[in-house]
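Observations on the model geometry
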Amino acid sequence: MHNAPDVDDPVRTPAARPGGDGGASVLPELRTLVRDCLDDLDDLVGRYVPEVSALDDYEAVVPPEELRDTARSCFELLLRLIGDLPVPEDLRGVPERLGRRRAHQGVPLERLLQAVRMDFRVLWTAFLERTRPEDLPQLTRGAVRVWEAVEFHTVHVHAAYLDQVAVLAREQERERTALMGRLLSSDGRDQQLVAQAATLLQVNTQSDFAVAVAPPESQQELRRAVIARLAGHSLHLQQQHGMLVLVARLPQGADAPPPAWLDGVACAVGPVARGLARVPDTVRVTEAIAMTMDGGTADGPVTLVDAWMSVAAARLGPIAGMLADSVLSGLDRLSPHERGRLLDTVVAYCESGSVAAVTRELYCHRNTVLNRLSRFTELTGLHPTRPTEAATILFALQCARSRGG
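Because the structure is a prediction, the values reported are computed rather than measured.

1. Structural notes on the pattern of salt bridges
If charged atoms from side chains of opposite charge come close, those side chains can pair. A full pass over the atoms with the stated rule returns 23 salt bridges. Here R72 makes a salt bridge to D42, at a shortest N to O gap of 2.5 Å. Taken together, the positions of R72 in helix α3 (residues 64–83) and D42 in helix α2 (residues 41–53) put the pair 30 residues apart, joining distant regions of the chain. On the basis of relative accessibility, which here comes to 36%, the residue R72 falls in the partly exposed class. With its nearest N and O atoms 2.8 Å apart, the salt bridge here joins E66 to R102. One end of the pair, E66, is in helix α3; the other, R102, is in helix α5 (residues 94–105), and 36 residues separate them in sequence.

Structure (structure tokens):
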């Protein structure tokens, strides 16, 4: 956070100290000019306001009456600083109030600083007009004092602006987090809630969205990927249920997140959410995928296609155990070693569908593979060579793993 320094803080020159003790350094001619201008603040304001109003981003957001009132306060403060005159308490806070107010109004910082530094030209022009030609050398000696007063004012306005921007950013992030938390916990049917979330995310409610969820051990990886690869995309990161949720709008026409987005990040990636209202359901599915990830074993994104068996087994509850027992109980008569060899062969065959591939993977003879497949069928009644029954076998094995069997 940038904290605006107090206007009583000492700086390099007496000119930058409101109410300071540098009166001896103020030229009499300069102090006279200061008093003349204090008596004619309306002239300074009248010169300044049209120039600032002509700047982009200013007239549209700063009401003319407010601009005049602020200009009057600023010029009075600057003149008192230049002339080392007493500064009333209400004027001391002018730079901070100005910086915070313009930040709140959304005036770009470069425009604000440009407007503030115009004070020097307006003041110097007014001083020149009130100075006789023979007194110009004396006035020139006071130019540094005028500039330092304006720069002192500018620095304090700048710091207050940055401080307020940080405050507004935190408030907006809290608002986004709270609203997205409500959306993600909903069923997506509240159209007003969906529209509010779309406004905060600056997206269309009908856009397509990618959803990723990172378990605790890979959350920093996901954050780094977002910073490095998704800069400029409409997205939101949110902590939920101990996991980090990413919701990102997909590029126009994309059917899936580009692989480069999350390459190398161990996270769950859900199906594409077709519309913001579908995001809550997609997040719940993606969280279910993430909960099946065995901490640290994945080396990249895991999709629902990759993890559907694990997700389904976890959701079956007691039915999963019953299915595992129904399919695999015939193997209980085998020794652990024999059971392991049989299951390794069956799984390898179900994954490849090729006896030759299994022989290469397990370093055994073709007849050995066929004998083990037949032995499995004999004990369980299911044929690994039949696709439907192979799916049942693999799912039953996943159910057994899910309950620790």
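2. Quick notes on the layout of surface pockets
Its volume calculated, the largest pocket comes out at about 220 Å³. What lines the largest pocket is a set of 16 residues, and nearest its centre among them are A256, P257, V269, G270 and T303. Sorting the residues of the lining of the largest pocket by element identifies α11 (259–262) and α13 (304–316) as the ones contributing at least two each. Among the residues making up the lining of the largest pocket, the classes are represented as twelve nonpolar, two polar and two charged.

3. Some remarks on the packing of α2 against helix α6 (residues 109–129)
Remark: α2 packs on α6, axes separated minimally by 10 Å, with the N-to-C direction vectors making an angle of 140 degrees. Judged on the interaxial angle alone, α6 and α2 are oblique. For the element pair α2 and α6, the recorded crossing hand is right-handed. Contacts between α2 and α6 pair L44, R47, Y48, E51 and V52 from the former with A115, V116, M118, D119, R121, V122, L123, T125, A126 and E129 from the latter.

4. With respect to the state of the cysteines
Tallied over the full model, the rule gives zero disulfides. With no disulfide of its own, C364 lies 15 Å from the sulfur of C350, the closest cysteine sulfur.

5. Description of the pairing of strand β1 (residues 208–214)
The buried count for β1 comes to six of seven residues, which makes it a mostly enclosed element. Here two bridges tie β1 to strand β5 (residues 273–274), and the two strands are oriented antiparallel to one another. By the bridge assignment, F209 is partnered in β5 with A273. Here β1 runs beside strand β3 (residues 243–249); their pairing, made up of six bridges, is antiparallel. Residue pairing in the sheet places A214 in a bridge with L244 of β3.

6. Brief notes about the side chain of Q238
Within the secondary structure, Q238 is located in strand β2 (residues 235–240). Leave out the neighbours within four places in its chain, and Q238 touches R176, T177, M180, G181, M243, L244 and V245.

7. Considering empty space enclosed by the protein
Across all of its chains, the model carries one cavity of 30 Å³ or more by this definition. Forming the walls of the largest cavity are 14 residues, and the residues nearest its centre are Y48, T70, C74, L98 and V116. At the level of elements, α2, α3, α5 and α6 are the ones that each hand at least two residues to the lining of the largest cavity. Class assignment for the residues of the lining of the largest cavity results in ten nonpolar, two polar and two charged.

8. Quick word on the environment of V45
Mapping V45 onto the fold places it in helix α2. Its relative accessible area of 8% is what places V45 among the buried residues. When the C-alpha positions of V45 and Y363 are compared, they lie 92 Å apart, and in sequence the two are 318 residues distant. Excluding residues that lie within four positions of it along the chain, V45 makes contacts with P50, R68, A71, R72 and F75.

9. Observations concerning the confidence of the model for the protein
For the protein, mean pLDDT is 89; residues scoring 70 or higher make up 93% of the total. Every residue in residues 1–24 is under pLDDT 50, and counting partners more than four places away or in other chains gives 50 contacts.

10. Quick word on the nonpolar core
The biggest cluster of nonpolar side chains holds 48 residues, and the ones touching the most others in it are L44, Y58, F75, L79 and F127. Listing elements by their share of this core, those giving two or more residues are α1 (28–38), α2, α3, α5, α6 and α8 (143–184). With residues up to four places along the chain from it excluded, the contact list for F127 reads L30, L33, V34, C37, L79, L139 and V146.

11. Focus on the environment of P64
The residue P64 is located in helix α3 in this model. The exposure class of P64 is partly exposed, given its relative accessible area of 46%. When the C-alpha positions of P64 and V49 are compared, they lie 8.0 Å apart, and in sequence the two are 15 residues distant.

12. Brief notes about the pairing of β2
Across six bridges, the pairing between β2 and β3 is antiparallel. Residue pairing across strands places Q238 opposite V245, the latter belonging to β3.

13. Section: the side chain of T154
Its location among the elements puts T154 in helix α8. Not counting the four nearest positions on each side in its chain, T154 is found in contact with L113, V116 and R117.

14. Here's the deal with the packing of aromatic side chains
For the coordinates displayed, the defined rule picks out four aromatic pairs. Ring centres of F120 and W124 lie 6.1 Å apart, and the angle between their planes is 5 degrees; on these two criteria the pair is classed as stacked. Taken together, the positions of F120 and W124, both in helix α6 and four residues apart, correspond to about one turn of that helix. According to the relative accessible area criterion, F120 is partly exposed, its value standing at 21%. Of the residues examined, W124 reaches a relative accessible area of 17% and is grouped as buried. Taking the centre distance of 5.2 Å and the plane angle of 85 degrees together, the rings of F120 and W147 count as edge-to-face. Of this pair, F120 sits in helix α6 while W147 sits in helix α8, placing them 27 residues apart in sequence.

Conventions used here
- Residues numbered from 1 in each chain as written.
- Predicted model: local features only at pLDDT ≥ 70, side-chain atom pairs only at ≥ 80, totals over all residues.
- Heavy atoms only, no water.
- Salt bridge = Lys/Arg side-chain N within 4 Å of Asp/Glu carboxyl O.
- Helix = DSSP H or I, 4+ residues; strand = E, 2+ residues; numbered from the N terminus.
- Buried < 20%, exposed > 50% of the residue type's maximum accessible area, 1.4 Å probe, protein only.
- 1 Å grid on protein atoms, 1.4 Å probe; cavity = no way out; pocket = protein on both sides within 12 Å on 5 of 7 lines; lining within 4 Å.
- Points joined across faces, edges and corners; volume = space filled by probe spheres on them.
- Nonpolar A, V, L, I, M, F, W, Y, C, P; charged D, E, K, R; others polar.
- Axes fitted to C-alpha atoms, helices over the stretch in contact; angles between N-to-C directions.
- Parallel < 35°, antiparallel > 145°, perpendicular 65-115°, else oblique.
- Left-handed = near helix turned anticlockwise from the far one by under 90°.
- Contact = heavy atoms within 4.5 Å.
- Disulfide = S-S within 2.5 Å.
- Pairing = 2+ DSSP bridges.
- pLDDT = per-residue confidence, 0-100.
- Core = buried A, V, L, I, M, F, W, Y, C linked by side-chain atoms within 4.5 Å.
- Phe/Tyr/Trp six-rings, centres within 6.5 Å; stacked < 30°, edge-to-face > 60°.

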